[in-house]
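Overview (structure and organization)
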Amino acid sequence: MIDAALLDWYDRHARVLPWRTGPAARKRGERPDPYRVWLSEVMLQQTTVATVTPRYARFLELFPTVEALAAAPVEDVLAEWAGLGYYARARNLHKCAQVVAGEHGGVFPQTEEGLLALPGIGAYTAAAIAAIAFDEPAVVMDGNIERVMARLFAVETPLPDAKPVLRDHAASLTPDKRPGDYAQALMDLGATICTPRNPACALCPLREKCIAQKNAIQADLPRKKKKAAKPTRFGTAFHITRKGDGAVLLVRRPDKGLLGGMLAFPATEWGERADAEPPIKAAWLKADEPVRHTFTHFHLEMDVWMVTVSDAAARKAQKALQGEWHPDPAMAGLPTVFRKVLDVTNRDK
Ligand code: SF4
């Protein structure tokens, strides 16, 4: 039986993770804290365990409970999220905490359906929390688990078309007994043994059942449809320093859209290559190199213009841009692309 072999392997080889209640602790009757499970799952989406581990600890120190997170200003949560990317997730995290604290008495719903109704919780996260925190036999599907299913059953249909079939296979294997440990075991197997390149089949507890391994096609699976090339967008960021005290002007980006609600340098829209219109008349200097950054759907190439202005001009700039002055923008929780702007201006000073 696949689930028995996998659980047996998990009992011996489970990764020790700060947000995890391991198999031995579970057997002693310890239960995972749904708040921690939720937080770790949101942080881990498209971010590695190594990056998340220290950030998770710090986040928990600042916001130890769902009530503490709900009561915090959203700006503090966004600043703490800086560098983890996908800032809409941090906004939703805060919104979700407010709903759990305000409408559910601080207690997370225990079912997949109840979890799905919360802001920012999608199919994967709902299934993961239901399984890990509440031992519901939910079918948890992420990229790692899709890969394991594609190989176990030798599914040759390319992704994303293969998703429903892979989900059906995963559902057929999900056990009623220890579903939380089972979901984490599959996650561990995908992360450590059934890796995208060079899967360690010799160490795999499922090798006897794995059709791809038998047919020696595991390295070719899962197949993927060719992606369209990412377009490149262009823009300009403006670094304005106030002469009197050296403070730098930052603006808060609109709530809706990319990096919504984050502090940033004033910048043009990102689109076709075009001459920039600076927000104020001044003796601007252009940095030698543009900032390059890749988002999920496009590459960005952003010129950086710099200027130091008198206090009177600074007041005008602040009014025109509705910005705020920061004595040390490095401490302002800027998202990665704007930290790169800061690096460029520091280099070109
Ligand atoms: S035998 Fe190899 S390909 Fe099959 S599930 Fe295990 S690691 Fe993956």
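Residues numbered from 1 in each chain as written. Predicted model: local features only at pLDDT ≥ 70, side-chain atom pairs only at ≥ 80, totals over all residues. Heavy atoms only, no water.

The criterion, for reference: UniProt positions are given in the numbering used here, feature names are shortened, and annotations may be inferred rather than shown by experiment.
Per an unreviewed UniProt entry, the protein chain goes by Adenine DNA glycosylase and derives from Aquisalinus luteolus. UniProt, in the comment section headed Catalytic activity (unreviewed entry), describes the protein chain in these words: "Hydrolyzes free adenine bases from 7,8-dihydro-8-oxoguanine:adenine mismatched double-stranded DNA, leaving an apurinic site."

Structural notes on the overall build of the protein chain
We apply this condition: Helix and strand assignments come from DSSP, with helices taken as H or I runs of at least 4 residues and strands as E runs of at least 2, each series counted from the N terminus. Should any heavy atoms of two residues lie within 4.5 Å, those residues are considered in contact. Reported accessibility uses the Shrake-Rupley method at a 1.4 Å probe radius. Residues are deemed covered only where the shown protein chains occlude them. Charge convention: Lys and Arg are scored as positive, Asp and Glu as negative, and His as well as the terminal groups of each chain are ignored. The atoms used to mark charge sites are NZ of Lys, CZ of Arg, CG of Asp and CD of Glu.
The helix and strand inventory of the protein chain stands at 15 helices and 7 strands. With the C-alpha coordinates aligned to their principal axes, the bounding extent of the protein chain is approximately 75 × 45 × 30 Å. When contacts within the protein chain are restricted to residue pairs at least 6 apart in sequence, long-range pairs at least 24 apart make up 69% of them. Accessible area of the protein chain: about 17,800 Å², with a carbon and sulfur share of 52%. Here the protein chain contributes 46 positively and 41 negatively charged side chains, and the mean placements of these two sets differ by 4 Å.

A few points about the site of the ligand
Under the convention used in this document: Here a residue is considered near a molecule or strand provided that any single heavy atom belonging to it is located within 4 Å of it. Cavities and pockets are defined on a 1 Å grid built over the protein atoms alone: a cavity is a set of grid points where a 1.4 Å probe fits but cannot escape, while a pocket is an open set with protein on both sides within 12 Å along at least five of seven lines, and lining residues are those with an atom within 4 Å of any such point. Assignment to a cavity or pocket requires that more than half of a molecule's atoms be within 2 Å of the site's grid points. Ten residue types, Ala, Val, Leu, Ile, Met, Phe, Trp, Tyr, Cys and Pro, are classed as nonpolar, four, Asp, Glu, Lys and Arg, as charged, and the remainder, Gly among them, as polar.
Close to the ligand lie Arg151, Ile193, Cys194, Pro199, Cys201, Cys204, Arg207, Cys210, Gln213 and Gln218. Put simply, the ligand lies in the largest cavity. The residue makeup of the shell around the ligand, split by class, is 6 nonpolar, 2 polar and 2 charged.

Things to note about the pattern of salt bridges
Let me state the cut-off plainly: Whenever a carboxyl oxygen of Asp or Glu lies within 4 Å of a side-chain nitrogen of Lys or Arg, that contact is scored as a salt bridge. Any residue under 20% of the maximum accessible area for its type is buried, any over 50% is exposed, and the rest in between are partly exposed; the area is computed with a 1.4 Å probe on protein chains only.
On inspection of all chains with the given rule, the structure shows 20 salt bridges. Ionic pairing is found between Arg28 and Glu30, a salt bridge with its closest N-O pair at 3.1 Å. A relative accessible area of 38% means that Glu30 is categorised as partly exposed. A salt bridge links Arg91 to Asp255, with the nearest nitrogen and oxygen atoms 3.2 Å apart. Of the two residues, Arg91 is situated in helix α7 (residues 87-103) and Asp255 in the loop between β2 (248-252) and β3 (263-264); the sequence distance between them amounts to 164 residues.

Remarks on the UniProt feature "domain: HhH-GPD" (unreviewed entry) in the protein chain
Cross-referencing UniProt, the feature "domain: HhH-GPD" (unreviewed entry) maps to residues 43-192 in the present numbering. Here residues 43-192 runs as 66% helix and 0% strand, with 19 Å between its end C-alpha atoms.

So, the packing of aromatic side chains
Rules: Only Phe, Tyr and Trp rings are paired, with Trp represented by its six-membered ring, and only when their centres lie within 6.5 Å; those with planes under 30 degrees apart are stacked, over 60 edge-to-face, the remainder tilted. Geometrically, a lysine NZ or arginine CZ counts as sitting over a ring once it is within 6 Å of the ring centre and also within 35 degrees of the ring normal.
In the structure shown here, the tally under the stated rule is 13 aromatic pairs. With a centroid separation of 6.1 Å and an interplanar angle of 85°, the aromatic rings of Phe59 and Trp81 are classed as edge-to-face. In this pair, Phe59 is assigned in helix α4 (residues 49-62) and Trp81 in helix α6 (residues 74-81), connecting sequence segments 22 residues apart. Pair check on accessibility: Phe59 and Trp81 agree, each one buried. Between Phe295 and Phe298, the ring centres sit 5.1 Å apart and the planes meet at 35°, which makes this aromatic pair tilted. Take Phe295: its relative accessible area is 12%, and that puts it in the buried class. Through a chain of ring-to-ring contacts, three or more aromatic side chains come together here, namely Phe265, Trp270, Phe295, Phe298 and Phe338. It is Arg233 that lies over the ring of Phe298; its NZ or CZ is 4.0 Å from the centre. For Arg253, the ring lying beneath its charged end belongs to Trp270, and the centroid distance is 4.8 Å.

Points about unusual backbone geometry
Across the chain, the bulk of peptide bonds are trans and the bulk of non-glycine residues have phi less than zero. The residue after Leu159, namely Pro160, is reached through a cis peptide bond having omega 5°. Among the structural elements, Pro160 can be located in the loop between α10 (143-152) and α11 (163-173). Look at the link from Leu221 to Pro222: it is a cis peptide, with omega at -5°. Among the structural elements, Pro222 can be located in the loop between α13 (211-214) and β1 (232-242). Unlike most non-glycine residues, Asn198 shows phi in positive territory, near 50°. Tracing the chain through its elements places Asn198 in the loop between α12 (179-192) and α13. Backbone geometry at Leu259 places phi at a positive 55°, although glycine is not the residue there. Examined against the element boundaries, Leu259 turns out to sit in the loop between β2 and β3.

Description of the side chain of Thr21
Inspection of the secondary structure puts Thr21 in the loop between α1 (2-13) and α2 (23-27). Residue Thr21 is classed as buried on the basis of its relative accessible area, which comes to 13%. Setting aside anything within four residues of it in sequence, one finds Thr21 in contact with Arg26, Glu30, Arg31 and Pro32.

A look at the domain arrangement of the protein chain
Put simply, the rule reads: Marked domain ranges trace back to an automatic or database domain assignment. Each of two parts loses accessible area, computed with a 1.4 Å probe, when they are put together; buried area is these two losses added.
According to the domain assignment, the protein chain contains domain 1 (2-220) and domain 2 (232-348). If you average the C-alpha positions of domain 1 and of domain 2, the two centres end up 37 Å apart. With 8 residues of domain 1 in contact, the opposing surface of domain 2 contributes 11 residues. Between domain 1 and domain 2, a total of about 720 Å² is buried, with carbon and sulfur atoms accounting for 58% of that surface. Here domain 1 and domain 2 share 1 salt bridge between them. Among the elements of the structure, α6 and α7 are those that each provide at least two residues to the side of domain 1 that touches domain 2. If you tally residues by element for the side of domain 1 that touches domain 2, the top one is α6, at 3 residues. Of the residues assigned to the side of domain 1 that touches domain 2, the class counts are 5 nonpolar, 1 polar and 2 charged.

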